[in-house]
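# Observations on the three-dimensional arrangement
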Amino acid sequence: MTYDNLLEALKIFDLNEHATLSEIRKRHRKLVKEYHPDHGNSDSDEIRRINQAYKILSDYCANYRYTFSLDEYLLQNPEERIKQQFDDDPVWGSGNKKSGK
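Read on for an overview of the structure. For clarity, every value in this text was computed on a predicted model and none was experimentally measured.

### Some details on the layout of surface pockets
Roughly 700 Å³ of internal volume is contained in the largest pocket. In terms of lining, the largest pocket is formed by 21 residues, of which the most central are E17, H18, A19, Y64 and Q76. Per-class residue counts for the lining of the largest pocket are 14 nonpolar, five polar and two charged.

### Some words on the pattern of salt bridges
In the structure shown here, the tally under the stated rule is four salt bridges. The shortest N-O distance in the salt bridge between R48 and D45 comes to 3.1 Å. Here R48 and its partner D45 are both found in helix α3 (residues 44-62), three residues apart, which amounts to about one turn of the helix. The closest approach of N and O atoms between R49 and E46, which form a salt bridge, is 3.1 Å. Highlighted residues: R49 and E46, both in helix α3, separated by three residues, approximately one helical turn. A relative accessible area of 37% places R49 in the partly exposed class. A network of salt bridges, in which partner residues are shared, links E8, E46 and R49.

Conventions adopted
- Residues numbered from 1 in each chain as written.
- Predicted model: local features only at pLDDT ≥ 70, side-chain atom pairs only at ≥ 80, totals over all residues.
- Heavy atoms only, no water.
- 1 Å grid on protein atoms, 1.4 Å probe; cavity = no way out; pocket = protein on both sides within 12 Å on 5 of 7 lines; lining within 4 Å.
- Points joined across faces, edges and corners; volume = space filled by probe spheres on them.
- Nonpolar A, V, L, I, M, F, W, Y, C, P; charged D, E, K, R; others polar.
- Salt bridge = Lys/Arg side-chain N within 4 Å of Asp/Glu carboxyl O.
- Helix = DSSP H or I, 4+ residues; strand = E, 2+ residues; numbered from the N terminus.
- Buried < 20%, exposed > 50% of the residue type's maximum accessible area, 1.4 Å probe, protein only.

If you want it as structure tokens, here you go:
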């Protein structure tokens, strides 16, 4: 698989580069239902492209090395980043500012 293959698979699925595995699966199910031969939209080339794209995306996700660093966590969870940044602030946060008294 090349990066161009990965981008083409995302394009076929009409997903952006930040798609979740759940979004990929849902989109695959929707496309398969739409182009399945039993539904009259019988296009064997299109269903083949959809399944090939799904294989590329699912293989990529299966072999993806996840990072559990704080920076990546905060990027994926902006609410937590904001909470950590402002929680101790008496105006914006919960007002639990730690004092050195």
